[in-house]
Amino acid sequence: MGWYLLRRLGAAVIVVLIASVVVFLGVRALPGDPAVVLAGENPTPQVIASIREQYGLDKPLPVQYFDYLKHLVTGDLGQSTQDKLPVSQILANRIPVTLELAVLAMLVAIVVGVLFGTIAAARRGKFSDYTATGFGLLGLSVPHFWLGLLAILLFAVKLRWLPASGYVPFSENPAQNLERMILPAVVLGTGFAAVLMRQTRSAMLGALSADYVRTARSKGLSGPRVVGVHALRNSLTTVVTVLGLQLGGLISGAVVTEQIFVIPGFGKLTVDAVLTRNYPVIEAVVLVTVVGYIVVNLLVDVAYAALNPRIRLAGATNG
Amino acid sequence: MTQQRSAAGRRAGTPLLSVEDLHVSFGTEDGLVQAVKGVSLTLAPGEILALCGESGSGKSVTAMSVPRLLPPTARVSGAVRLDGRDLVQLNASELRALRGSDVSVVFQEPMTSLNPSFTVGFQITEVLHRHEKLSRRAARARAVELLELVGIPDPAGRLKEYPHQLSGGMRQRVMIAIAVACEPRILIADEPTTALDVTIQAGVLDVFRSLRDRLGTAIVLITHDLGVVADIADRVAVMYAGRIVEQAEVTELFARPLHPYTRGLLGALPSAARLDGTQRRRLREIPGMVPAPYSDPDECPFAPRCPIAADDCTASRPSLDRQGDGDGHLAACFHPGLSTVEAVDA
Amino acid sequence: MADVLTTPAPAAVAVAGRSDRWRRMWRRFYRKPMSLTGLILVVLFLLLALLGPALFGDPTAVHFDDVLGAPSGAHLLGTDDLGRDQLARIASGARVSLEAGVLSTALAMVVGIPIGLVAGFYRRYLDSVVMRAVDVVLSFPFLVFAVGLAAILGPSLRNVVFALGVSQIPAIVRITRGEVLSVREQDFVAGAIADGANDATILFRYVLPNAANALIVQATVAIPAAIIGEATLSFLGLGVQPPTPSWGVMLTTAQQFLSQAPWLAVWPGVMIAVTTLGFNLLGDGLRDVIDPRSAR
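These numbers were taken from a predicted model, which means no experiment stands behind them.

1. Here's the deal with the overall build of chain A
Inference 1: The number of helices and strands found in chain A is 13 helices and zero strands.
Inference 2: Along its sequence from the N terminus, chain A presents helices and strands in the succession α-α-α-α-α-α-α-α-α-α-α-α-α.
Inference 3: Counting only C-alpha atoms and orienting by the principal axes, one finds that chain A spans roughly 85 × 60 × 35 Å.
Inference 4: The buried share of chain A, taken over its 319 residues, is 45%.
Inference 5: Partitioning the intrachain contacts of chain A with sequence separation of at least 6 by distance along the chain shows that 71% fall at a separation of at least 24.
Inference 6: With an accessible surface of roughly 15000 Å², chain A has 68% of that area assigned to carbon and sulfur atoms.

2. Quick look at the side chain of A:His230
Inference 1: You can see A:His230 is positioned in helix H10 (residues 223–261).
Inference 2: You can call A:His230 buried: its relative accessible area is 1%.
Inference 3: Beyond its immediate chain neighbours, meaning those up to four positions away, A:His230 contacts A:Tyr212, A:Ala216, A:Lys219, A:Leu221, A:Arg225, B:Asn115, B:Phe118, B:Phe122 and B:Glu126.

3. Focus: the UniProt feature "transmembrane region" (unreviewed entry) in chain C
Inference 1: Within this structure's numbering, the places UniProt gives as "transmembrane region" (unreviewed entry) are residues 33–56, 102–122, 134–153 and 260–283 of chain C.
Inference 2: The span residues 260–283 of chain C is 75% helix and 0% strand, and its two end C-alpha atoms sit 38 Å from each other.

4. Quick notes on the packing of aromatic side chains
Inference 1: Evaluation of the coordinates by the stated rule reveals eight aromatic pairs over all chains.
Inference 2: Judged by centre distance (4.6 Å) and plane angle (25°), the rings of A:Phe145 and C:Phe235 are stacked. With one member in each of two chains, A:Phe145 in helix H7 (residues 144–158) and C:Phe235 in helix H9 (residues 199–235) form a pair that bridges those chains.
Inference 3: In this structure an aromatic cluster arises from ring pairing among B:Tyr240, B:Tyr261 and B:Phe302.

5. Focus on the environment of B:Cys306
Inference 1: Relative to the helices and strands, B:Cys306 is located in the loop between helix H12 (272–275) and strand E11 (321–322).
Inference 2: With 27 residues separating them in the primary sequence, B:Cys306 and B:Cys333 have C-alpha atoms 11 Å apart.

6. So, the pattern of salt bridges
Inference 1: Following the criterion strictly, the structure yields 22 salt bridges over all chains and no others.
Inference 2: A salt bridge links A:Asp67 to A:Lys70; its shortest N-O distance comes to 3.8 Å. Of the two residues, A:Asp67 and A:Lys70 both sit in helix H4 (residues 61–73), three residues apart, roughly one turn of that helix.
Inference 3: Close ionic contact of B:Arg158 with B:Glu161 constitutes a salt bridge, the shortest N to O distance being 2.9 Å.
Inference 4: Relative accessible area serves as the criterion here: at 22%, B:Arg158 is assigned to the partly exposed category.

7. A look at the confidence of the model for chain A
Inference 1: Chain-level statistics for chain A give a pLDDT mean of 82 and a share of 91% at 70 or above.
Inference 2: At the level of individual helices and strands, chain A shows its lowest average pLDDT in helix H13 (residues 309–318) of chain A, which scores 58, and its highest in helix H9 (residues 211–218) of chain A, which scores 92.

8. Some remarks on the interface of chain C and chain A
Frequently, the measure chosen for interface size is the accessible area removed from exposure when the parts meet.
Inference 1: If you look at the interface, chain C gives 41 residues, while chain A gives 43 residues.
Inference 2: For the pair chain C and chain A, the summed buried area comes to about 3500 Å², and 74% of that belongs to carbon and sulfur atoms.
Inference 3: Remark: the boundary between chain C and chain A carries one salt bridge.
Inference 4: Between A:Arg198 and C:Asp284 there is a salt bridge, and its shortest N-O distance comes to 3.3 Å.
Inference 5: Counting the contacts that link chain C with chain A gives five residue pairs in polar contact (both at pLDDT 80 or more).
Inference 6: Mapped by element, the contributors of at least two residues to the side of chain C that touches chain A are helix H5 (123–138), helix H6 (142–153), H9, helix H10 (247–256) and helix H11 (266–290) of chain C.

9. Let's talk about the environment of B:Gly216
Inference 1: Its location among the elements puts B:Gly216 in the loop between helix H8 (198–215) and strand E8 (218–223).
Inference 2: Separated by 12 residues in the primary sequence, B:Gly216 and B:Val228 place their C-alpha atoms 20 Å from one another.

10. With respect to the sheet that holds strand E1 (residues 17–28) of chain B
Residue and element names in this part refer to chain B.
Inference 1: With antiparallel pairing, the four strands of this open sheet are ordered in space as E2-E1-E4-E5. Of all the strands in the sheet, the pair left with one neighbour each is strand E2 (31–43) and strand E5 (85–86).
Inference 2: Alignment of E1 against strand E4 (residues 74–82), held across eight bridges, turns out to be antiparallel. Following the sheet pairing, Phe 26 is matched in E4 by Ala 74.

11. A word on empty space enclosed by the protein
Residues and elements named next belong to chain B.
Inference 1: Under the counting rule described, the total for this entry stands at nine cavities of 30 Å³ or more.
Inference 2: If you add up the space inside the largest cavity, you get close to 100 Å³.
Inference 3: Lining the largest cavity, in full, are Leu 17, Val 19, Leu 41, Thr 42, Leu 43, Leu 49, Leu 51, Thr 62, Ala 63, Val 66, Ile 188 and Val 220.
Inference 4: Of all elements in the fold, only E1, E2, strand E3 (48–52) and helix H2 (59–64) reach the threshold of two or more residues within the lining of the largest cavity.
Inference 5: Sort the elements by how many residues they give to the lining of the largest cavity and E2 lands first, with three residues.
Inference 6: Tallied by class, residues from the lining of the largest cavity come to 10 nonpolar, two polar and no charged.

12. A closer look at the packing of H7(A) against helix H8 (residues 174–208) of chain A
Packed helix pairs are characterised by how far apart their axes lie and by the angle those axes make with each other.
All names here are of chain A.
Inference 1: Relative to each other, H7 and H8 sit at 145°, their axes nearing to 9 Å. You can see that H7 and H8 cross each other, and the crossing is right-handed. From H7, His 144, Leu 147, Gly 148, Ala 151 and Phe 155 reach across to H8, where they touch Leu 183, Val 187, Leu 188 and Thr 190.
Inference 2: Counted by class, the contact of H7 with H8 contains six nonpolar, three polar and no charged residues.

13. Here we look at the environment of B:Tyr261
Inference 1: Within the fold, B:Tyr261 resides in helix H11 (residues 260–266).
Inference 2: Among the polar contacts listed, one links the side chain of B:Tyr261 to the side chain of B:Glu54, at a separation of 3.4 Å.

14. Focus on the packing of helix H7 (residues 157–185) of chain C against helix H8 (residues 187–194) of chain C
Residue and element names in this part refer to chain C.
Inference 1: The N-to-C vectors of H7 and H8 enclose an angle of 80°; their axes lie 5 Å apart at closest approach. Viewed along their axes, H7 and H8 adopt a mutual orientation that is roughly perpendicular. Mapping the contact onto sequence places Val 183, Arg 184 and Glu 185 in H7 and Asp 187, Val 189, Ala 190 and Ile 193 in H8.
Inference 2: Grouping the amino acids of the contact of H7 with H8 by side-chain chemistry returns four nonpolar, no polar and three charged.

15. With respect to the pairing of strand E6 (residues 103–106) of chain B
Residue and element names in this part refer to chain B.
Inference 1: Residues Val 103 and Val 105 point to one face of E6 and Ser 104 and Val 106 to the other, with burial holding for every one of them.
Inference 2: Sheet topology places E6 next to strand E7 (residues 186–190); four bridges connect them, and they run parallel. Counterpart to Val 106 in the pairing with E7 is Ala 189.

16. Here's the deal with the layout of surface pockets
Inference 1: Within this model, the second largest pocket holds a volume of roughly 1600 Å³.
Inference 2: Elements with a minimum of two residues in the lining of the second largest pocket: helix H5 (87–122), H8, H9 and H10 of chain A together with H2, E4 and helix H3 (92–98) of chain B.
Inference 3: The element that contributes the greatest number of residues to the lining of the second largest pocket is H10(A), accounting for four residues.
Inference 4: Looking at the lining of the second largest pocket residue by residue, the classes come out as 23 nonpolar, seven polar and 12 charged.

17. Some points on the sheet that holds strand E12 (residues 330–331) of chain B
Residues and elements named next belong to chain B.
Inference 1: Read from one edge of the open sheet, eight strands run E6-E7-E8-E3-E9-E10-E12-E11, paired in mixed fashion. Each of the sheet's edge strands pairs with one partner strand only, and the pair in question is E6 and E11.
Inference 2: Against the sheet, helix H7 (residues 168–180) makes contact with E6 and E7, and its axis sits at roughly 175° relative to E6, the strand it touches most.
Inference 3: Contacting E3, E7 and E8, H8 runs over the sheet at an angle of about 170° to E7.

18. Some thoughts on the nonpolar core
General note: in soluble globular proteins, nonpolar side chains tend to be found buried as a group.
Inference 1: In terms of nonpolar packing, the biggest core is built from 123 residues, with A:Phe145, A:Ile260, C:Phe235, C:Leu236, C:Trp247 and C:Leu251 touching the most fellow members.
Inference 2: With 15 residues, the single largest contributor to this core is H10(A).

19. Overview of the UniProt feature "domain: ABC transmembrane type-1" (unreviewed entry) in chain A
Inference 1: Feature annotation in UniProt places "domain: ABC transmembrane type-1" (unreviewed entry) on residues 95–300 of chain A, given in this structure's numbering.
Inference 2: In this annotation, residues 95–300 of chain A is assigned 83% helix and 0% strand; the end-to-end C-alpha distance for the span is 20 Å.

20. A few points about the UniProt feature "transmembrane region" (unreviewed entry) in chain A
Residue and element names in this part refer to chain A.
Inference 1: Per the UniProt record, "transmembrane region" (unreviewed entry) is found at residues 9–30, 101–122, 134–161, 181–197, 239–264 and 284–307.
Inference 2: Taken as a whole, residues 134–161 contains 82% helix and 0% strand, while its terminal C-alpha atoms sit 28 Å from one another.
Inference 3: Along residues 181–197 one finds 100% helix and 0% strand; the C-alpha atoms at either end are 23 Å apart.

The rules behind the values
- Residues numbered from 1 in each chain as written.
- Chains lettered and ligands numbered in written order.
- Predicted model: local features only at pLDDT ≥ 70, side-chain atom pairs only at ≥ 80, totals over all residues.
- Heavy atoms only, no water.
- Helix = DSSP H or I, 4+ residues; strand = E, 2+ residues; numbered from the N terminus.
- Buried < 20%, exposed > 50% of the residue type's maximum accessible area, 1.4 Å probe, protein only.
- Contact = heavy atoms within 4.5 Å.
- Areas by Shrake-Rupley, 256 points an atom, 1.4 Å probe, with all protein chains shown as cover.
- UniProt positions renumbered as here; feature names shortened; annotations may be inferred.
- Phe/Tyr/Trp six-rings, centres within 6.5 Å; stacked < 30°, edge-to-face > 60°.
- Salt bridge = Lys/Arg side-chain N within 4 Å of Asp/Glu carboxyl O.
- pLDDT = per-residue confidence, 0-100.
- Buried area = accessible area lost by both parts, 1.4 Å probe.
- Polar contact = N/O pair within 3.5 Å; in protein donor to acceptor, adjacent residues only side chain to side chain.
- Pairing = 2+ DSSP bridges.
- 1 Å grid on protein atoms, 1.4 Å probe; cavity = no way out; pocket = protein on both sides within 12 Å on 5 of 7 lines; lining within 4 Å.
- Points joined across faces, edges and corners; volume = space filled by probe spheres on them.
- Nonpolar A, V, L, I, M, F, W, Y, C, P; charged D, E, K, R; others polar.
- Axes fitted to C-alpha atoms, helices over the stretch in contact; angles between N-to-C directions.
- Left-handed = near helix turned anticlockwise from the far one by under 90°.
- Parallel < 35°, antiparallel > 145°, perpendicular 65-115°, else oblique.
- Core = buried A, V, L, I, M, F, W, Y, C linked by side-chain atoms within 4.5 Å.

Below is the structure:
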């Protein structure tokens, strides 16, 4: 397992480096001179030259890249062109918000998706299977930004049970925080619950027809034990894989959800940065997404290995 | 040795298990498939009964009807009596109490029949926890004993291993250890040695023999392998298209096969060499196909493939009758024992 | 279970007529009400996208005397904040959705199929590199990619199609490669390779026709994904720009007037959901027909 992790970690570092090159070059390739952009309205040539020197834009590209890397490593991501705040500080404010939303949505998705996927598989062809499968298809088909609008319309505008938008930090008031996060989390989680449900059901159907499940039945084990222990344990790798594949979608979904519910998270930051052409922020956002994505995938791989004795034990002996 | 075996089977008195007019059918997209059409059987305590036949002959379905390990679409009628209790009438939870304790199963595929995600120890102790209220430590000690019983070296060390770390033969031994953990009255072994190579086969059969001798377990052995049958069985039932077509003591059947289907399977009259179990023979291939399981015309189902079929064979279906003076030798044939040459002459 | 009996030779099964196979596949498809529903929904969507804009009038005609009108005889689905007829905008939005779905999927296929063929066929040299890259792209947040693209190139339908197409490439590569690998295993291809058939012949005569089924099914996944993707980007203001009607743009408007004119939020969403549902049902049905083993 140690070797396996180390190899994975090495690959992750390489991907991050490649991503940093791509982001670096991508920003340099943007139409227009960044020095001109940074200089603001009607700059004089002197100002541009001084900015160029200040940001090291007069140096050759490889040197610029290593400077850029050096800044990255020290956590210096530049300055937002909008409010002149350090980008790292903005990220530090925004990322926890999105993490909370993502974790809550993931919880919703896992609980609903795995539970109903398992039930649907265990009761294949029965009413509960058709109901779960039907809702699964519906959940896949409904775009969650529309679901968000409908949820606001129903719970905030008509019923007035929950606030339509806004955000209160958890540290400030946990109850109000959850009150405002529950709707976005459910909306964001629904689509993933549907995907997870379908995949869990399919994996469980495979597992339930496996020989080892027949063995488990022949032992006289109860239905829930056969399904919930013997079959589910072998389907979990699929669940984890699907979760990993859905991470990208989760980040994309957070962007939209935050926009609808006006949550000042990472996703809203992304959209706002693009709409205001805030390049330092865009650059940081893309890089953070890549790193975050790779870290979570690493966690998925670890979970995968932990769940599968074959990988776990093979790693111990021959790496 | 053969004599001893037969005696053990015959003199056991009242049967442990009796199957009476068992019918099993499955609803499929293409209609109702009748897999078993009126099978009756008995099994004495400590007896080893071999069920032989081609794929689709209904031998596995017949055996799996006892613990009712059948697909949910299966419909079962008739009676399966264990100690006089009709298992067909049991509800789901009564069946679960039966499975793994009174009746247990060893499946054909040792490579896939163990759960890859759990250790050997977990999978053995699980059945002990289910049926016998054992402490963790007692269950573990019992699991070590069981692995020893089925001939696995270093049993304590094996408990922590996962199935993929074991060879096919070892996995099959673990399967057997699970099956016999609660000292079942009946062990059903579905092609237990098919996937294993010959030397390992012999070891597995020894395990079965010693189980029967030590625990008095009755064994239903589903097999293609006539070598295995000759080696270990007391009695043989040959199935064809959902029915038993011939049934006899193992020596009697090999010496005097009466049904042309059995004769076909055996290839020719058996020689002594085939009976000693060292020379392994697969059932011989017989030209033609098993009749489609959707229809059941009133004729001998084997007639279309039978080398000695006569007019009466397609006029009605022969019943499974006692033949000659043989001790319990039954065959469902209008022309039992007739050879191809005799049939042509007649 | 080892068959004692000689089963009919596989060749005999394969020979059983082609038309017979199609008829059987159609029957299996037809028998399932869900698949048929999907087919009908997709056909209705296509009709709306192709004929709708001509039938339901100008989607950009502004009427300031009738803004945020509730559904009525004159405007069956009501009017938006500029008094534009919602029905006409829904119909035109269908065409935008169709364009986004079809063009991006076509782009993904044009790029992805050759890559998949090559990766699967020349396994030794390229496979692991390509597949690693595919793995990375496959789960990268497409929206962040699209957002970056919109930042560089500016928001437009063309850029949306480009972003959506690129994000679909990995799936196409993966499926094509999988088909190549499984087809290569089969006896008739192994035979052709042994007989010295050249690579192009093998690819185009054997591999591609076999991959076609899986790719058609994938199209029923990619098209609705692109439709949702387009709507999402347009909703965020990063895709189709007003006044061009897109279901996503319409929902942006609806969000602004959620409490005054809630009906504006209904139909664009329903259309997206129903269209996507139709493709999903159709795809599930086709999958069942093409590969009955996956009928779960």
